[in-house]
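Structural overview
Single-letter residue listing:
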Amino acid sequence: MRELDWHQRKGDAGFLEWLAPPHLGGVTRRLGVEVDGPARVGGHVAACAEAGNLQAVYAGDVTEALHSYLARAAECFARQEEEEAFGAVMDAWRECRASELVLFAQEFEARLDSTHAGREGESAEARRAARDLARGLGAQGPPREVEARLDALLDCLPDPRFIPGLLAIARLPSAEEPQRVLRLCAALRHVGPPFDVEPLEALYERMRPEAWASAARLSFVISLGRDWVPRELDAKAGELLAALWEALRVRAEKESRNASIREQWLPRVYANPEDDDVRLVMADQLMETGDPLGEFIVLQCSPTPDEERIDELLATHLRSWEMPLGGHIDSGATRFERGFPVAVRMAKEAASLILPEPGPAWSTVREIDWATVAWSVVHAQWLAHPHLRGVTRMRRVEPYWARLMGQPPSVSRLELWGSVADQVYRTPALGDVFDRLALWPNLSWLELHAGHEEDVSLCATSTLATKLERFDATLPGVWMLTVRPGDKVPIEVTLASARAVESFWGLLSAAEGFGKRGLRVRCHRDVDAARLNADRWSMSRFSHVEWVSMSALR
């Protein structure tokens with residue numbers, strides 16, 4: 001027999017023993033292997049090759065797959081997708097287990113840990129999870145914790161970083177317990193060679209005679225490691241790896257030059273966030289070194305920006321350009337203008353923590369979206385930090401939390417998310433939220449989303465009402481209210497659906513607190529015209545009334 005077709009076969013590392021007997025020594029090819037997904041097989045491809053003299057795996061040749069993974073790593077690296085490039089390097093290692101790939105992966109990961117800390121995404125999270133598990137494997141701990149780590153390893157892709165921790169477990173005094181030995185063997189078979197067999201042989205010598213079953217399994221794993229023959233990269237694979245080393249070196253040098261330019265100019269940008277000239281001088285120098293941030297700044301400062309090119313740059317670099325803001329923002333949701341962040345959305349889980357001091361990069365931010373976090377311990381000192389002096393708008397703030405924000409010095413526009421009146425019934429102390437907001441030195445525009453007539457009344461009768469230049473309240477899909485005290489017609493109501501008629505008169509009564517100088521009513525055609533006509537006299541309390549759309553009143 002020369003070929004095995006395992007299409008649709010689900011299995012586990014236990015097939016290694018089945019492949020090992022001499023009568024399968026002629027098998028040189030297997031097709032369609034799947035062990036809870038192709039990734040699980042990769043962990044012992046090389047081990048299977050040694051056990052059964054397999055020359056090829058999956059549906060193609062090992063060398064061809066190796067070249068493909070290394071080429072993909074180079075392509076991803078060129079596109080600035082470094083986490084994905086690292087994953088492709090690890091896939092290449094799973095094909096041939098060459099020590100040269102381990103050395104490159106170690107250097108590559110050190111770079112990622114220093115330059116991509118906090119980066120989000122499936123690839124980054126998987127890499128960090130495997131790294132952290134590898135660090136925890138050899139740590140001393142209760143037996144159940146050790147066993148839990150061994151079980152968790154089986155859900156990860158095979159990784160050479162696991163080997164030192166597994167060998168450290170083999171050295172533990174409690175390692176000879178039969179069930180723990182079986183777990184250790186399963187983990188080692190999953191990862192596969194090369195690994196040092198000396199700690200395993202010492203463990204084997206410590207095992208009790210009655211544990212013969214687990215000792216036999218350990219003996220098999222020892223044979224995998226002892227019989228492993230190191231593989232060398234072929235010429236093409238060596239060239240591809242050398243090209244990756246060179247690309248890594250060139251990028252590091254380029255980033256070093258770019259870093260010096262940024263160190264020189266970023267403090268000036270942050271100190272003068274409205275000065276485009278400073279940004280453009282910095283952009284020119286960055287473009288000379290090929291830094292894409294330079295091109296991005298120039299494009300966004302242009303009177304006729306190339307939006308397609310801007311989108312391309314953001315798709316590639318957005319997360320790296322967000323990183324100076326720290327790890328407590330919702331990555332991918334940042335809006336940029338003139339080359340720098342101006343609007344961010346806080347991560348929901350981060351908003352309930354005591355936030356670290358905002359760095360200088362926050363100086364260009366104008367808007368913070370709090371993502372309707374239900375509660376927060378963010379204190380007034382954070383919002384009053386000098387680096388947040390440019391923040392003029394805060395969105396989706398829960399009303400109760402707004403009472404605890406202190407008095408943000410620069411915020412002029414605030415969006416409350418949720419009904420204040422509803423919460424007052426549960427939390428009476430919330431009734432003073434509008435009076436507290438009146439203490440904000442520059443607040444002039446208040447938006448109330450998902451509000452009710454009672455909310456309008458609470459605001460209109462508070463000390464905040466006389467300070468506001470604009471007040472917006474919305475019950476989505478039903479009505480909208482806008483108050484501009486300085487306009488000729490200060491109050492405007494839009495009735496968006498038939499449901500609005502039920503609350504229209506209560507809404508008008510509440511809005512009277514802002515004044516009765518003028519009223520404008522906009523109606524959707526579905527509004528009950530007869531009911532409005534019948535009660536039209538109720539609007540006589542306003543000195544001036546306008547009906548913008550009269551179609552609903554015919």
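Definitions and limits used
- Residues numbered from 1 in each chain as written.
- Predicted model: local features only at pLDDT ≥ 70, side-chain atom pairs only at ≥ 80, totals over all residues.
- Heavy atoms only, no water.
- Pairing = 2+ DSSP bridges.
- Helix = DSSP H or I, 4+ residues; strand = E, 2+ residues; numbered from the N terminus.
- Right-handed = clockwise from strand over helix to strand, strands pointing away.
- pLDDT = per-residue confidence, 0-100.
- Contact = heavy atoms within 4.5 Å.
- Axes fitted to C-alpha atoms, helices over the stretch in contact; angles between N-to-C directions.
- Core = buried A, V, L, I, M, F, W, Y, C linked by side-chain atoms within 4.5 Å.
- Buried < 20%, exposed > 50% of the residue type's maximum accessible area, 1.4 Å probe, protein only.
- Expected span 1.5 Å × (residues − 1).
- Bend = angle between axes of the 7 residues up to and from the residue.
- Polar contact = N/O pair within 3.5 Å; in protein donor to acceptor, adjacent residues only side chain to side chain.
- Phe/Tyr/Trp six-rings, centres within 6.5 Å; stacked < 30°, edge-to-face > 60°.
- Lys NZ or Arg CZ within 6 Å of the ring centre and 35° of its normal.

**A few points about the pairing of strand β11 (residues 470-475)**
- Both strand β10 (residues 445-449) and β11 contribute to a ladder of five bridges, which runs parallel. Paired with Glu447 across the two strands is Asp472, which belongs to β11.
- Between the parallel pair β10 and β11, the chain is carried across by helix α22 (residues 453-460), and the sense of this crossover is right-handed.
- Sheet topology note: the β11/strand β12 (residues 479-483) ladder contains five bridges and is antiparallel. Paired with Thr474 across the bridge in β12 is Met480.
- Once β11 ends, the chain turns through three residues before running back antiparallel as β12, passing Gly477 with a positive phi of about 80 degrees.

**A short note on the confidence of the model for the protein chain**
- Residue-level pLDDT values for the protein chain average 83, and 81% of them are 70 or greater.
- Across the protein chain, the element-wise mean pLDDT spans from 37 in helix α2 (residues 38-42) up to 97 in strand β5 (residues 335-337).
- Segment residues 5-60 is flagged for pLDDT under 50; beyond a separation of four residues in sequence, or across chains, it makes 130 contacts in the model.

**A closer look at the sheet that holds strand β9 (residues 413-417)**
- Taken together, the eleven strands give an open sheet; going across it, the order is β5-β6-β7-β8-β9-β10-β11-β12-β13-β14-β15, and neighbouring strands pair in mixed fashion. Only two strands of the sheet have a single partner each, and these edge strands are β5 and β15 (545-547). Each neighbouring strand pair of the sheet contributes to a mean axis angle of 15 degrees, computed without reference to strand direction.
- Taken together, the three bridges between strand β7 (residues 367-369) and strand β8 (residues 393-397) define a ladder with parallel strand orientation. Each bridged residue has a counterpart across the sheet, and for Asp369 the counterpart in β8 is Arg395.
- Together, β12, β13 (491-495) and β14 (519-523) form the strand contacts of helix α23 (residues 500-511), whose direction differs from that of β13 by roughly 170 degrees.

**Considerations on the nonpolar core**
- Trp370, Leu437, Phe471 and Leu481 are the most contacted members of the largest nonpolar core, which has 83 residues in total.
- The element best represented in this core is α23, accounting for eight residues.
- Listed in part, the 31 residues of the second largest apolar core include Ala134, Ile169, Leu172 and Val197.

**Remarks on helix α16 (residues 307-322)**
- Look at α16: only 19 Å from first C-alpha to last across 16 residues, short of the 22 Å you get at 1.5 Å a residue.
- In the structure, α16 departs most strongly from a straight axis at Thr316, where the bend amounts to approximately 60 degrees.
- If you check which residues of α16 are buried, you get Ile310, Leu313, Leu314, His317, Leu318, Trp321 and Glu322.
- Next to the buried residues of α16 lie α13 (235-271), α15 (292-301), β5 and β6 (340-345).
- Where α16 begins, the capping side chain belongs to Asp306, and its oxygen is found 3.2 Å from the backbone nitrogen of Glu308.

**What to know about the packing of aromatic side chains**
- Following the criterion strictly, the structure yields 13 aromatic pairs and no others.
- Through a chain of ring-to-ring contacts, three or more aromatic side chains come together here, namely Phe77, Phe86, Phe104, Phe108 and Trp245.
- Above the face of the Trp265 ring, Arg268 is positioned so that its terminal group lies 4.3 Å from the ring centre.
- Just above the ring of Trp445 sits the side chain of Arg413; from NZ or CZ to the centre is 3.6 Å.

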